[in-house]
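Take a look at the letters that make up each chain.
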Amino acid sequence: MSAPFDAIVIGAGHNGLTAAAYLARAGLSVVVVEQRDVIGGATVTEEFHPGFRVDTFAHRMGPFSPRVFEDLRLRTYGLEMVWPDPARVAMADGRALSLFRDPSQTAEAIRPFSSGDAARWPAFCRTVADAARLVDAVRQSQPPRLPDPGLRDLLRLAAIGLGLRRRGKRAMAETLRLLPMSLADLLDDWFESDVLKGAVAGAGLPGLMQGPRGAGTAYALLHHLAAGEAPGGVTLVRGGTGRAAEALAGAARAAGVEIRTSAPVERIGVRSDAAVEVVLAGGEVIPARRILSSADPKRTFLTLVGPEALDPAFVRQVRHIRMRGACAKVHLALGELPRFPGIGGGDAELRGAVMVAPGLDYLERAFDDAKYGGVSERPFLEAVIPTLTDPSLAPPGRHVMSILVQYAPYHLKAGAWEAARREALGDAVVAVLAEYAPNLPAAVLHRQVLTPLDLEQRLGLTEGNIFQGEMALDQLFFMRPVPGWARYGTPVRGLYLCGAGAHPGGGVTALPGYHAARAVLRDMSAS
Amino acid sequence: MLRTTPFHSRTALLCQAQNWRRWAGCVVASSYELSHDREYWAIRSAAALLDVSPLYKYLVRGPDAARLLDRIVTRDIRRCAVGQVMYTPWCDEAGKVLDDGTITRLDEDLLRLTAAEPNLRWLHENSAGLDATIDDVSDSTAALAVQGPASRAILRDALEADLDSLRFFRATRAQVRDIPLTITRTGYTGDLGYELWFDGRHAERMWDHLIAAGQPYGLTPAGMLALDIARIEAGLILIDVDYVPARKALILARTSSPFELGLGWTVRLDKGYFVGQRALRAEQARPPTWQLRGLEIEWDALERLYAEAGLPVELPAAAWRTSVPVYAGDEQVGYATSGCWSPLLKQYIALAHVRAPHTAPGTSLAMEVTVEHRRRRAPARVRELPFFNPERKRA
Ligand SMILES: Cc1cc2nc3c(=O)[nH]c(=O)nc-3n(C[C@H](O)[C@H](O)[C@H](O)COP(=O)(O)OP(=O)(O)OC[C@H]3O[C@@H](n4cnc5c(N)ncnc54)[C@H](O)[C@@H]3O)c2cc1C
């Protein structure tokens, strides 16, 4: 048997690659093992129709860590982020509302819908920005050790608290009030225009098995926001999010990381409660001093480690992680650009996210269907046309549309996700879009529909939950993945979590991978 | 609601003393006669028949049955051969004892666990990913203990079973008329003895049959009071008395690890994962703070204490189950949790939790005694357990 690696990273998603790159830069020998024949995990750009490429999963960036971007010099490895402006256009009956990066420009766009809302928009942006600053500070730091936080933990928490306090009492009170609110309550507090409320709520809802009236949903709006960004900000990658993974892989390889694809891990070998090896399907055994898994926590513990090697209380916690898949994806190869009569200003208007979220009731009704195990009759849609940012993704003059569809629950009350169900979902999505862009159905050259079951099967993502665990307040920060184990280490010595299932959670942020690598290095220097 | 055991129609008729107690929700006889003396002596000099049906009993079945139990208990169940019985405690994640009982391997894929507390949920929680089914057969399985020097002779007459080759902590199947049963050479008396396990529907017939077969040998139904003395002599701990199961402990200090209960011999740290392994491994690396020990209260000194009050020694009529301070000089270094006068050994003995370094056999300590309403300290000697360990137990 070969000499053990210093670290094995399971999964070549963007977090696994980030962790691998940092560890290798610290001098460790690292191998990444990925089950798929391509790297990228949920950030991957693949051909889905001859000549047409699309982001199979994530089609925009979470707030990607600027520090990781700098540390790993990702620009030199080809990662180019773009910030479309307007970031979003929200479709409404015959009209459209654009959300720009500049609040005053957005206020002008809101004015035709409600002059009062237009006047309130800048103040809303400030309130959200204050709260987002707190969320960002939490995101940038590792969770404290609980119930016995160390001095460093306390100092860090104190600094976050002080930072918040410095914004003034009112800002602090506003932030604390906002965190557990529902999106609907928050937005009803501020605005009267249903179109505006739908557009903002739609920026927070992706991935949640909750409607805008669900408690704690306001937090999600903040979670997906980069510091300093106006609500609803969108970041794209030229060439698709797969470029982010390729850039990370480039940086990792340059640091000495070996990346193996088509290498599915079947089992994590545990001896004397320490993780010592991974066993690949086919039987190959790779020994290592430590193992970092970016597979989701349920997959990691219940399948790869197996409950036999774990304390029953811990197994109970892991089993109770809520991972209800809520999303499907539809990809369209288009012969021509969809024309939305409600939108002036030409193609540039469509470079960000095109949203079908025309109001809070619409969104809540879409969720109502899913609440009882059905697929939304009229789903909430977030579409991106990446060919407007990088025409090379499709043949000349042709386009691609990537659509995140919500709600399509993993657990159906009746029936299963078979072919007919999948096509019915595709039909419903095209029909809804056609209400706003009548030329769309005829422009469709090819359609790919990925149900939550498909997401699970392709990515090994339990229940197809796009964030490796719902981003609800009780599953975040020091409670992610489960209370007591939020510091990347696990009850199995030498086994770490480094994916979206760990703090700060889902989205293309690179932060779970970054923090996990730091936790490994911290443990190494402590022992 | 008071529940009864499958033998209630028989024990109720015999229980002249109407002296009942609750055990796992069932009423069982404390003693059948007004005094438990005769029942105790039956255990040690003839044979006693004890209704132990209130024990919780679980049948674990399937290819992973042994693995399931192995991941719960401290002993290595994979090494438990078919026809073997193992006594073992089991712990929570912190390595603190939850319960103790026996595991009988009835077949490759079939094991029976006995327990003092309900354990169904715990078994289920630990069965994730394992191919094993769990049946709670506590109510449907009757259990009788036949304990004492004459027990083998009685069962030889009563049953068709190969008792002579049945070694200590082994099990065998047997048949009485149409009643199938398993016999284990186990018990809670530290004597030669057997336990019989069978379907509760046959309980009354089995009882009558054994009483008849045992008559020539002096087989005597015995209650819990007699058993309590025998088990103290045998150095066998009792849940809720000598230790607090971790789930019921209000404070951490009330919990005990197997090492602290004299059960270190059951802890196989070198086997695969089991609940509490990590904590026990860490604990084993440290010298233990607490140890379970025997105490023998010195007779002459006790006599002097009573003489000062103008009295002869007054001994407890039955085994006591209260916490009694134990001292080294003026410092309290432990507490006794049960004690009795041993009619057989003619010694006043107790089970005690003693703090290091006062645990070496022979160490002189003192136990609190109340003499004529006054608290006194009676000198006592630390003893290795068990107090009584006859050859015939294993022979
Ligand atoms: C459909 C979809 C749409 C999304 N949209 C967005 C979006 O628009 N914006 C946003 O910010 N976030 C989005 N997300 C969330 C975001 O993409 C993820 O949170 C993030 O990419 C997770 O990265 P990761 O590296 O932690 O995990 P992943 O990218 O899931 O990587 C895990 C990797 O592990 C591999 N793996 C799993 N099991 C094994 C095994 N046994 N052996 C070997 N390898 C294994 C998988 O194949 C995968 O490559 C979306 C997610 C999905 C699924």
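No experiment lies behind these values; they were computed from the predicted model shown.

**Q** Just to check I follow, could you spell out the sheet that holds strand β11 (residues 171-176) of chain B for this structure?
**A** Neighbouring strands of a sheet are bound in pairs by backbone hydrogen bonds; such pairs are parallel or else antiparallel. Residue and element names in this part refer to chain B. Strand order in this open sheet of 6 strands is β11-β12-β13-β10-β4-β14, and the pairing throughout is mixed. Single-partner strands in this sheet number two, and they are β11 and β14 (219-221). Sheet twist, expressed as the mean angle between neighbouring strand axes with direction ignored, is 25 degrees. Inspection of the sheet shows strand β12 (residues 179-184) paired to strand β13 (residues 193-199) by 3 bridges, in the antiparallel sense. Considered in β13, the bridge of Ile-183 is made with Leu-196.

**Q** Help me out: how do you make sense of the site of the ligand in this one?
**A** Residue and element names in this part refer to chain A. Neighbouring residues of the ligand: 37 residues in total, closest Asn-15, Glu-34, Ala-42, Arg-60 and Val-265. Within the backbone of Val-265, an N or O atom sits 2.8 Å from a nitrogen atom of the ligand. Between an oxygen atom of the ligand and a main-chain N or O atom of Gly-507, the distance comes to 2.8 Å. Summarising the interface, the protein chains cover 97% of the accessible area of the ligand, which totals 1000 Å² for the free molecule. Among the detected pockets, the ligand sits in the second largest pocket. Those elements that place two or more of their residues in the shell around the ligand are α1 (14-25) and α16 (452-459). Here the element with the most residues in the shell around the ligand is α1; it accounts for 3 residues. Tallied by class, residues from the shell around the ligand come to 18 nonpolar, 15 polar and 4 charged.

**Q** What exactly am I supposed to notice about the packing of helix α7 (residues 183-190) of chain A against helix α8 (residues 194-204) of chain A here?
**A** Helix packing for two helices is described by the angle between their axes and how far apart those axes are. Residue and element names in this part refer to chain A. The interhelical angle for the contact between α7 and α8, taken along N-to-C directions, is 145 degrees, at an axis separation of 10 Å. The element α7 and its partner α8 pack so that their crossing is right-handed. Residue-level inspection shows Leu-183, Leu-187 and Asp-188 of α7 in contact with α8, the latter providing Lys-197, Val-200, Ala-201 and Gly-204.

**Q** When you look at the interface of chain B and chain A in this model, what are you seeing that I'm missing?
**A** Taken together, the contact pairs 16 residues of chain B with 13 residues of chain A. Across the chain B/chain A interface, buried area totals approximately 1300 Å², and carbon plus sulfur atoms make up 43% of it. Where chain B touches chain A, the interface holds 5 salt bridges. As a salt-bridge pair, Asp-273 of chain A and Arg-278 of chain B come within 3.9 Å of each other at their nearest N and O atoms. Across the chain B-chain A interface, the total number found is 9 residue pairs in polar contact (both at pLDDT 80 or more). Of all elements in the fold, only α3 (65-72), α4 (120-125) and α8 (277-284) of chain B reach the threshold of two or more residues within the side of chain B that touches chain A. Grouping the constituent residues of the side of chain B that touches chain A by class yields 5 nonpolar, 4 polar and 7 charged.

**Q** Sorry if this is basic, but what is going on with the confidence of the model for chain B here?
**A** Predicted coordinates in regions of low pLDDT should not be interpreted in detail. With 100% of its residues at a pLDDT of at least 70, chain B reaches an overall mean of 96. For this predicted complex, the interface confidence comes out at an ipTM of 0.79, alongside a pTM of 0.89.

**Q** Sorry, what's going on with the environment of Phe-367 of chain A here?
**A** Residue and element names in this part refer to chain A. Here Phe-367 is to be found in helix α13 (residues 360-371). As for Phe-367 and Pro-409, which are separated by 42 residues in sequence, their C-alpha atoms are 9.5 Å apart. With residues near it in sequence (within four places) discarded, Phe-367 still touches Met-209, Gln-210, Gly-211 and Tyr-407.

**Q** Help me understand the sheet that holds strand β18 (residues 347-355) of chain B, please; the structure alone is not making it clear to me.
**A** All names here are of chain B. Pairing within the closed barrel is antiparallel, and its 6 strands lie in the order β15-β18-β17-β16-β19-β20. Sheet twist, expressed as the mean angle between neighbouring strand axes with direction ignored, is 45 degrees. Against the sheet, helix α9 (residues 299-308) makes contact with β15 (290-297), β17 (331-342), β18, β19 (364-371) and β20 (374-383), and its axis sits at roughly 175 degrees relative to β20, the strand it touches most.

**Q** In this structure, what is going on with the layout of surface pockets? I would like to understand it.
**A** Empty space left among the atoms is revealed by rolling a probe the size of a water molecule over them. Residue and element names in this part refer to chain A. In this structure, the second largest pocket encloses a volume near 890 Å³. Lining the second largest pocket are 45 residues, and of these Gly-41, Ala-42, Leu-459, Leu-461 and Gln-468 sit closest to its centre. Those elements that provide at least two residues to the lining of the second largest pocket are α1, α11 (297-305) and α16. Top element by residues in the lining of the second largest pocket is α16. It accounts for 3 residues. Residue composition of the lining of the second largest pocket, by class: 20 nonpolar, 17 polar and 8 charged. Residue-level mapping places the lining of the second largest pocket at the junction of two domains, with at least three residues from each of domain 1 (7-81 + 241-319 + 461-526) and domain 3 (323-458).

**Q** Would you take a moment to explain empty space enclosed by the protein for this structure?
**A** All names here are of chain A. This structure, assessed with the given rule, holds 5 cavities of 30 Å³ or more. Of the voids in this model, the largest cavity is the one considered here, and its volume is about 80 Å³. In this structure, the largest cavity is lined by Asp-55, His-59, Leu-236, Val-237, Gly-239, Gly-240, Val-384, Pro-386, Thr-389, Asp-390 and Leu-393. Considering only residue class, the lining of the largest cavity consists of 5 nonpolar, 4 polar and 2 charged.

**Q** Would you mind going over the packing of aromatic side chains with me for this structure?
**A** Each aromatic ring pair is characterised by the separation of its centres together with the angle its planes make. For the coordinates displayed, the defined rule picks out 17 aromatic pairs over all chains. For the ring pair Phe-124 of chain A and Phe-191 of chain A, a centre distance of 4.9 Å and an interplane angle of 75 degrees mean the geometry is edge-to-face. Highlighted residues: Phe-124 of chain A in helix α4 (residues 115-140) and Phe-191 of chain A in the loop between α7 and α8, separated in sequence by 67 residues. Owing to a relative accessible area of 0%, Phe-124 of chain A belongs among the buried residues under this scheme. Here Phe-191 of chain A falls in the buried class, since its relative accessible area comes to 4%. Judged by centre distance (5.7 Å) and plane angle (40 degrees), the rings of Phe-7 of chain B and Trp-207 of chain B are tilted. Here the residue Phe-7 of chain B occupies a position in the loop between β1 (3-4) and α1 (8-14), and Trp-207 of chain B occupies one in helix α6 (residues 203-214), the gap between them amounting to 200 residues. As far as the burial class goes, Phe-7 of chain B and Trp-207 of chain B line up, both buried. Among the aromatic residues, those joined into a cluster by ring pairs are Trp-121, Phe-124, Trp-190 and Phe-191 of chain A. The aromatic ring of Tyr-22 of chain A is capped on one face by Arg-25 of chain A, whose charged end is 5.7 Å from the ring centroid.

**Q** Help me out: how do you make sense of the environment of Arg-167 of chain B in this one?
**A** Along the chain, Arg-167 of chain B falls in the loop between α5 (151-158) and β11. Expressed as a C-alpha distance, the spacing of Arg-167 of chain B and Arg-185 of chain B, which sit 18 residues apart in the sequence, is 6.8 Å.

**Q** What's the story with helix α6 (residues 169-178) of chain A in this structure? I'm lost.
**A** Along an α-helix, residues three or four positions apart point the same way, because every turn accommodates 3.6 residues. All names here are of chain A. Taken together, the buried positions of α6 are Ala-171, Thr-175 and Leu-178. With its buried residues spanning 70 degrees around the axis, α6 presents them on a single face. Facing away from the buried side of α6 by more than 90 degrees, the exposed set consists of Lys-169 and Arg-170. Buried-residue contacts for α6 involve α4, α5 (151-166), α7 and α9 (217-223).

**Q** It is not clear to me how the domain arrangement of chain B should be interpreted in this structure. Could you clarify?
**A** In terms of domain boundaries, chain B breaks down into domain 1 (3-55 + 139-222), domain 2 (57-136) and domain 3 (287-383). Measuring from the centre of the C-alpha atoms in domain 2 of chain B to the corresponding centre in domain 3 of chain B gives 36 Å.

**Q** Would you mind going over the packing of α4 of chain A against α7 of chain A with me for this structure?
**A** Residue and element names in this part refer to chain A. Running from N to C, α4 and α7 cross one another at 130 degrees; their axes reach a closest spacing of 10 Å. Between α4 and α7, the crossing angle belongs to the class labelled oblique. Mapping the contact onto sequence places Asp-117, Arg-120, Ala-123, Phe-124 and Thr-127 in α4 and Leu-186, Leu-187 and Trp-190 in α7. Per-class residue counts for the contact of α4 with α7 are 5 nonpolar, 1 polar and 2 charged.

**Q** Is there a simple way to explain the nonpolar core in this structure?
**A** Nonpolar side chains tend to gather and get buried jointly when the protein is soluble and globular. Residues and elements named next belong to chain A. Membership of the largest hydrophobic core comes to 99 residues, with the highest contact counts inside it found for Trp-121, Phe-124, Phe-340, Met-401 and Ile-403. Among the elements that take part in this core, α4 stands out by supplying 10 residues, more than any other. When near neighbours in sequence (up to four residues on either side) are disregarded, Met-401 contacts Val-330, His-331, Leu-332, Leu-334, Pro-338, Phe-340, Ala-383, Val-384, Ile-385, Leu-433 and Leu-440.

**Q** Where do I start with the domain arrangement of chain A in this structure?
**A** Where interface size is quoted, it is often the accessible area lost as the parts come together. Residue and element names in this part refer to chain A. Considered domain by domain, chain A is made up of domain 1 (7-81 + 241-319 + 461-526), domain 2 (83-225) and domain 3 (323-458). In this structure, domain 2 and domain 3 have C-alpha centres spaced 25 Å apart. Contacts between the two partners involve 34 residues from domain 2 and, on the opposite side, 31 residues from domain 3. Across the domain 2 to domain 3 interface the summed buried area is about 2500 Å²; carbon plus sulfur atoms make up 63%. Where domain 2 touches domain 3, the interface holds 2 salt bridges. Here Arg-213 ties to Asp-361 by a salt bridge, and the two come within 2.9 Å at their closest N and O atoms. Across the contact surface, domain 2 and domain 3 share 12 residue pairs in polar contact (both at pLDDT 80 or more). If you list the elements that add at least two residues to the side of domain 2 that touches domain 3, you get β6 (88-92), β7 (95-99), α7 and α8. Considering every element that reaches the side of domain 2 that touches domain 3, the biggest residue donor is α8, with 8 residues. Across the side of domain 2 that touches domain 3, the residue classes break down as 20 nonpolar, 7 polar and 7 charged.

Cut-offs applied
- Residues numbered from 1 in each chain as written.
- Chains lettered and ligands numbered in written order.
- Predicted model: local features only at pLDDT ≥ 70, side-chain atom pairs only at ≥ 80, totals over all residues.
- Heavy atoms only, no water.
- Pairing = 2+ DSSP bridges.
- Helix = DSSP H or I, 4+ residues; strand = E, 2+ residues; numbered from the N terminus.
- Axes fitted to C-alpha atoms, helices over the stretch in contact; angles between N-to-C directions.
- Near = heavy atom within 4 Å.
- Polar contact = N/O pair within 3.5 Å; in protein donor to acceptor, adjacent residues only side chain to side chain.
- Areas by Shrake-Rupley, 256 points an atom, 1.4 Å probe, with all protein chains shown as cover.
- 1 Å grid on protein atoms, 1.4 Å probe; cavity = no way out; pocket = protein on both sides within 12 Å on 5 of 7 lines; lining within 4 Å.
- Sits in = over half its atoms within 2 Å of the grid points.
- Nonpolar A, V, L, I, M, F, W, Y, C, P; charged D, E, K, R; others polar.
- Left-handed = near helix turned anticlockwise from the far one by under 90°.
- Contact = heavy atoms within 4.5 Å.
- Buried area = accessible area lost by both parts, 1.4 Å probe.
- Salt bridge = Lys/Arg side-chain N within 4 Å of Asp/Glu carboxyl O.
- pLDDT = per-residue confidence, 0-100.
- Points joined across faces, edges and corners; volume = space filled by probe spheres on them.
- Domains from an automatic or database assignment.
- Phe/Tyr/Trp six-rings, centres within 6.5 Å; stacked < 30°, edge-to-face > 60°.
- Buried < 20%, exposed > 50% of the residue type's maximum accessible area, 1.4 Å probe, protein only.
- Lys NZ or Arg CZ within 6 Å of the ring centre and 35° of its normal.
- Arc of directions from axis to C-beta.
- Parallel < 35°, antiparallel > 145°, perpendicular 65-115°, else oblique.
- Core = buried A, V, L, I, M, F, W, Y, C linked by side-chain atoms within 4.5 Å.

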